[in-house]
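# Summary of structural features
What follows is each chain in one-letter form.
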2 protein chains.
Amino acid sequence: MPEVTLLAYERVESKIEALIQKGTLRPGDRVPSVRELCRREGVSKITAMQALSNLEAKSLVQARPRSGFFVQSLSRLPLPQSPEIAAEPREPCLSDDVARVFRDIQKPDTIPLGAGTPDVTLLPTAEIARCVARAARLHATQFGGYSMCDTDLALRREIALRLSRSGGEVSPEEIIITNGCMDALNLSLRAVANPGDTILVETPTYFGLLQMIESLGMKAIGVPATCDEGIDLHAFEGTLKSHRIAASVLIPSFGNPHGANLSPQRRQAVVDISRKRGVPVIEDDIYGELGFGSEQPRPLRTMNHSANVILCGSLSKSLSPALRVGWAIAGRHAENVRRLKWISSITTPHVTALAAADYLRAGGFDRHLRALRKTLETQICRISNAIAKSFPQGTCLSRPAGGYFLWVELPWRIDSMKLRDAAIKHNISICPGPIFSLEGEFGHFLRLNCALRLDDKVTQAIETLGRLAHGLNSPTRS
Amino acid sequence: MPEVTLLAYERVESKIEALIQKGTLRPGDRVPSVRELCRREGVSKITAMQALSNLEAKSLVQARPRSGFFVQSLSRLPLPQSPEIAAEPREPCLSDDVARVFRDIQKPDTIPLGAGTPDVTLLPTAEIARCVARAARLHATQFGGYSMCDTDLALRREIALRLSRSGGEVSPEEIIITNGCMDALNLSLRAVANPGDTILVETPTYFGLLQMIESLGMKAIGVPATCDEGIDLHAFEGTLKSHRIAASVLIPSFGNPHGANLSPQRRQAVVDISRKRGVPVIEDDIYGELGFGSEQPRPLRTMNHSANVILCGSLSKSLSPALRVGWAIAGRHAENVRRLKWISSITTPHVTALAAADYLRAGGFDRHLRALRKTLETQICRISNAIAKSFPQGTCLSRPAGGYFLWVELPWRIDSMKLRDAAIKHNISICPGPIFSLEGEFGHFLRLNCALRLDDKVTQAIETLGRLAHGLNSPTRS
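Source: prediction; values computed, not measured.

Let us look at the overall build of chain A. Check the secondary structure of chain A and you find 15 helices and 16 strands. In terms of C-alpha radius of gyration, chain A reaches 23 Å, essentially the compact-globule figure of 23 Å for 478 residues. With the principal axes as the frame, chain A shows a C-alpha extent of 70 × 60 × 40 Å. Long-range pairs, those at least 24 residues apart, make up 75% of the contacts in chain A with a sequence separation of at least 6.

In structure tokens:
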């Protein structure tokens with residue numbers, strides 16, 4: 001901590017703020033009253049009230065009439081409603097729009113509300129660096145080989161072990177270590193589908209997935225997904241019946257961008273329907289360990305009768321993007337995925353796989369995850385409330401129970417592409433809705449990243465976005 | 001060195017052996033005479049003669065009548081002649097045979113003559129480990145990001161710098177860091193060709209390339225290549241004219257398996273012909289820095305008018321396979337390759353890219369390469385001579401001027417698949433010829449890896465292979 005002399009109210013304010021940030025006080029919890037603060041902190045009533053009022057201004061707490069102050073819980077804005085989506089297979093085509101979003105993120109001094117990357121301060125980078133340095137030293141001679149399967153066995157065991165805690169029995173043999181989750185998704189898609197084939201995806205869904213399908217010469221067909229329940233099971237089964245689908249790619253846990261977490265019953269239904277129709281499911285589980293509740297969701301691959309599911313995961317969102325450690329747990333497709341990995345890039349570096357295994361084994365991961373989940377929950381809550389305060393009336397908002405993102409539905413008049421153009425002039429990047437679908441639907445939606453370093457600049461940026469949105473909401477504008 | 005008491009002749013023998021291994025004495029050089037050895041080493045004539053005769057038994061030196069002993073130069077076996085090859089596009093299909101070769105290599109205690117991997121003793125693994133550990137420590141916070149383009153800029157600069165020494169002007173901007181050379185080839189193929197397209201390859205060529213083309217749903221067409229001149233330019237141009245070719249994939253420097261090194265004139269011709277026909281060339285340059293001569297070959301990408309060439313290289317054969325550092329220098333296709341890299345696996349780990357840059361910058365790479373090249377040359381020479389001694393009459397042999405491999409043509413009766421089956425029972429792995437072509441031609445060829453730790457076991461293995469080959473050469477066998 002830098003040595004600064006805090007005023008009395010600042011000291012009280014930052015104490016409570018720390019309790020909220022660390023999750024000791026959780027959304028909805030009662031904050032110590034003015035009287036308690038006076039007694040415990042030895043401050044005057046005015047000081048205590050100043051502290052609470054500052055916290056309220058930061059959207060960290062809210063006053064409830066005659067009850068005192070409470071940690072802000074999620075805004076009560078209504079949930080977004082998805083527009084009707086195209087029901088026929090298409091070749092995705094959205095490279096230019098996505099490229100623009102990436103250029104936005106990479107601009108220096110831009111507030112990365114459009115990113116999908118965690119802020120470095122949320123990750124234990126020094127510990128990871130130590131694990132990598134140690135692995136390099138201890139396994140120096142391994143730099144001389146291609147790190148065949150035995151080198152990454154330690155990591156595969158750790159991954160199998162973690163899954164076994166959620167009741168999943170997978171063998172280290174069916175795990176293939178990949179260069180992050182995208183590599184796993186890419187190899188899995190190629191293992192079960194061919195160019196020209198049609199892939200079923202949720203809509204809205206992660207734009208990188210649509211780009212990947214496009215780059216492999218495949219087509220995609222969308223099935224609606226909502227922010228509360230996730231993929232529409234009726235439409236899912238209907239599409240599997242009415243179309244020849246080579247594979248589905250779903251994000252059952254804290255979907256990107258909608259944030260929905262499939263219930264255990266719906267998970268089993270997805271597995272059963274897919275099994276009945278003989279269509280493999282590729283499960284993007286990249287946010288699967290980032291649930292805010294007490295239990296983490298069970299991947300599809302650990303449900304009953306899930307041998308036709310390929311689970312794709314990674315440490316990129318939970319530990320380190322740059323480690324580039326991901327995996328495919330490929331059930332009956334394992335041999336095929338392994339062969340494609342070999343043909344496409346031989347293996348991943350042994351040093352990062354060994355470092356990851358070392359980190360997971362050492363046991364600090366769960367502690368780190370607990371802290372990360374709390375931070376994400378608090379930040380999502382704070383940003384939600386800031387949106388509720390600043391955005392035009394009619395704005396709807398997802399209430400994710402995990403992950404990084406908020407999915408915002410603006411009043412229909414507001415074109416999120418135009419909002420992006422306006423925002424970037426204020427050094428604010430956002431992800432406009434149309435890149436999350438095949439036909440550019442979701443024109444008045446946007447995705448906001450909450451895994452950032454939440455400071456005053458961010459809350460100001462939300463205010464600015466709200467102001468810009470108000471400006472675009474005028475009926476007199478073309 | 002372990003403390004053993006050497007006999008006098010052993011001492012002399014190992015001194016000369018060391019001079020040859022380190023390249024102080026090169027193939028064809030005269031070895032000190034018996035008289036000189038007596039004087040310089042203070043040994044008896046019998047001792048000196050014993051030492052020389054032992055070296056001759058190891059195929060390290062050869063006696064020339066009335067001239068004394070000379071360091072063995074490459075065997076004078078005739079060069080292999082390629083069989084006629086299929087002249088129509090096919091979908092490659094050789095996964096089972098290749099899988100068998102890989103199983104062979106991975107069996108413990110197998111002599112990896114079938115591998116394409118350098119022995120760990122040939123590589124500066126401790127130095128690499130130090131660079132990786134240092135990069136992890138110095139750039140710890142980078143583990144928090146996705147290592148965008150700025151993180152690997154140092155490596156891209158080093159690569160551009162190395163190329164500039166062979167007269168090539170490439171900008172770091174057109175270099176994309178990949179997960180080894182296979183990743184670079186895969187991305188390059190996808191950048192310039194689509195599923196269903198036809199890719200021109202040399203025949204024989206690297207089986208991994210044929211598998212990759214198969215896995216991308218593309219077809220391949222072969223153009224003959226010889227051990228002395230490389231690809232047949234007339235056939236190359238003819239095929240580009242007569243067929244609709246989406247891209248050529250060539251290995252101009254020390255081709256795998258044939259070992260040929262394209263002359264500068266032929267390199268320029270390949271570039272010019274390809275430019276005239278508007279067909280991109282993907283250049284697999286993985287052995288490009290492993291030439292035994294005083295000058296290393298110039299990649300196609302550095303010739304005139306080569307913007308349509310994509311150079312794919314890596315450190316896997318020259319420094320460390322497990323570092324998984326490769327690159328595509330993609331000329332006018334750079335943007336497309338970069339986009340595909342992003343969609344397929346985002347980036348490579350920053351820590352290995354920074355470590356590689358650090359190693360290259362520190363200047364030890366050239367010293368290491370000089371030593372590696374000498375070792376490879378000596379070992380190729382020794383194994384060649386062992387083959388000449390043990391293999392059936394009629395055996396032909398490549399004379400590579402760089403790289404890892406010998407390409408052996410056995411008498412036509414000998415089925416190299418059967419030789420593989422017999423050899424593996426003796427714990428010897430070999431690469432049978434048919435996997436290097438589209439139609440299983442080269443049935444009596446095999447590829448031998450010389451980048452191994454050359455000890456008595458290896459020379460015995462060559463003898464064993466020779467004996468097995470003799471057995472399969474009998475006209476009475478089915």
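Attention shifts here to the packing of helix α5 (residues 125-138) of chain B against helix α12 (residues 350-362) of chain B. Residue and element names in this part refer to chain B. Relative orientation of the contacting elements α5 and α12 amounts to 125°, with a least axis distance of 8 Å. As summarised for this structure, α5 and α12 are arranged oblique, according to the angle between their axes. The chirality of how α5 crosses α12 is right-handed. Between α5 and α12, the contacting residues are E127, I128, C131, V132, R134, A135 and A136 on the first element and V351, T352, L354, A355, D358 and Y359 on the second. By residue class, the composition of the contact of α5 with α12 is nine nonpolar, one polar and three charged.

All names here are of chain B. The strand order β4-β11-β10-β9-β8-β5-β6-β7 describes an open sheet built from eight strands, whose pairing is mixed. One side of each edge strand has no neighbouring strand; the edge strands of this open sheet are β4 (175-178) and β7 (230-231). Across the face of the sheet, helix α7 (residues 180-192) comes into contact with β4, β5 (198-203), β8 (247-250), β9 (281-284), β10 (309-314) and β11 (326-329) while running at roughly 160° to β10. Along the sheet, helix α11 (residues 334-345) contacts β4 and β11; its crossing angle with β4, the most-contacted strand, is approximately 25°.

The domain architecture assigned to chain A consists of domain 1 (8-71) and domain 2 (124-365). Once you take the C-alpha centre of each, domain 1 of chain A and domain 2 of chain A turn out to be 42 Å apart.

Residues and elements named next belong to chain A. In this model, N256 is joined to P257 through a cis peptide bond whose omega is 15°. Here P257 is to be found in the loop between β8 (247-250) and α10 (264-277). The backbone of I346 shows a phi angle near 60°, a positive value even though the residue is not glycine. Among the structural elements, I346 can be located in the loop between α11 (334-345) and α12 (350-362). A count of 22 C-beta atoms within 10 Å places I346 in the buried class.

Bringing the pairing of strand β10 (residues 309-314) of chain A into the picture now. Residue and element names in this part refer to chain A. Counted residue by residue, β10 has six buried out of six residues, so it is predominantly covered. Covered by surrounding structure in β10 are V309, L311 and G313 together with I310, C312 and S314, the residues of both alternating faces. Examined bridge by bridge, strand β9 (residues 281-284) and β10 share four bridges and lie parallel to one another. Bridging from a neighbouring strand, E283 pairs with L311 of β10. Note that β10 and strand β11 (residues 326-329) share four bridges and pair antiparallel. Across the sheet, residue C312 finds its bridge partner in β11, namely A328.

Residues and elements named next belong to chain A. Taking burial as the measure, the five residues of strand β16 (residues 445-449) include five buried ones, the bulk of the element. Burial along β16 is two-sided: the residues F445, R447 and N449 and L446 and L448 are all buried. Inspection of the sheet shows strand β13 (residues 405-409) paired to β16 by five bridges, in the antiparallel sense. Across the sheet, residue F405 finds its bridge partner in β16, namely N449. As defined by bridge partners, strand β15 (residues 431-432) adjoins β16 across two bridges and the pair is classed as antiparallel. The residue of β16 that forms the bridge with P432 is L446.

Residue and element names in this part refer to chain B. Most of helix α8 (residues 207-215) is tucked away, with seven of its nine residues classed as buried. Among the residues of α8, those classed as buried are F207, L209, L210, Q211, M212, I213 and S215. A positive phi of about 70° marks G217, the residue just after α8.

The next point concerns the relation of the copies chain B and chain A. The two copies are related by a screw motion: chain B maps onto chain A through a turn of 180° and a shift of 0.1 Å along the axis, at an RMSD of 0.1 Å. Interpreted geometrically, this transformation is the action of a two-fold axis. When C-alpha distances to the rotation axis are compared across chain B, the minimum falls at A133 of chain B, with a value of 1.9 Å. In this assembly, 100% of the residues forming the interface of chain B have copies in chain A that are likewise at the interface, indicating an isologous arrangement.

Facing 52 residues of chain B, the contacting portion of chain A comprises 52 residues. Among the elements of the structure, α4 (95-106), α5, α7, α8, α11 and α12 of chain B are those that each provide at least two residues to the side of chain B that touches chain A. At eight residues, the largest contribution of residues to the side of chain B that touches chain A is made by α5 of chain B. Looking at the side of chain B that touches chain A residue by residue, the classes come out as 24 nonpolar, 23 polar and five charged.

Moving on, we come to the sheet that holds strand β7 (residues 230-231) of chain A. All names here are of chain A. Overall, mixed pairing links the eight strands, which are arranged β4-β11-β10-β9-β8-β5-β6-β7 in an open sheet. Each end of this open sheet is capped by a strand with a single partner; those strands are β4 (175-178) and β7. The sheet contact formed by strand β5 (residues 198-203) and strand β6 (residues 219-226) spans six bridges and is parallel. When the bridges of β6 are listed, E202 appears paired with V223.

Glancing now at the confidence of the model for chain A. Close inspection of predicted coordinates is inappropriate for parts of the model with low pLDDT. Considering every residue of chain A, the mean pLDDT works out to 92; 97% of them sit at 70 or more. Both scores are available for the predicted complex, with the pTM at 0.90 and the ipTM at 0.89.

Before going further, it helps to examine the environment of T24 of chain B. Tracing the chain through its elements places T24 of chain B in the loop between α1 (8-21) and α2 (34-41). Separated by 306 residues in the primary sequence, T24 of chain B and A330 of chain B place their C-alpha atoms 39 Å from one another.

With that settled, consider the environment of L419 of chain A. Residues and elements named next belong to chain A. Inspection of the secondary structure assignment puts L419 in helix α14 (residues 416-424). Taking the C-alpha atoms as reference points, L419 and G466, separated by 47 residues in sequence, lie 9.8 Å from one another. Residues within four places of L419 in sequence aside, it is in contact with I414, I430, L446, L468, A469 and L472.

Residue and element names in this part refer to chain A. Its place among the elements puts T121 in the loop between β3 (111-112) and α5 (125-138). Taking the number of C-beta atoms within 10 Å as the measure of exposure, T121 has 12 and is therefore exposed. In sequence terms T121 and A307 are 186 residues apart; their C-alpha atoms lie 38 Å from each other.

Criteria and thresholds
Residues numbered from 1 in each chain as written. Chains lettered and ligands numbered in written order. Predicted model: local features only at pLDDT ≥ 70, side-chain atom pairs only at ≥ 80, totals over all residues. Helix = DSSP H or I, 4+ residues; strand = E, 2+ residues; numbered from the N terminus. Rg over C-alpha atoms; globule rule 2.2 N^0.38 Å. Contact = placed C-beta atoms within 7 Å. Axes fitted to C-alpha atoms, helices over the stretch in contact; angles between N-to-C directions. Parallel < 35°, antiparallel > 145°, perpendicular 65-115°, else oblique. Left-handed = near helix turned anticlockwise from the far one by under 90°. Nonpolar A, V, L, I, M, F, W, Y, C, P; charged D, E, K, R; others polar. Pairing = 2+ DSSP bridges. Domains from an automatic or database assignment. Buried ≥ 20, exposed ≤ 12 C-beta atoms within 10 Å, placed from the backbone. Least-squares fit on C-alpha atoms with pLDDT ≥ 70 in both. pLDDT = per-residue confidence, 0-100.

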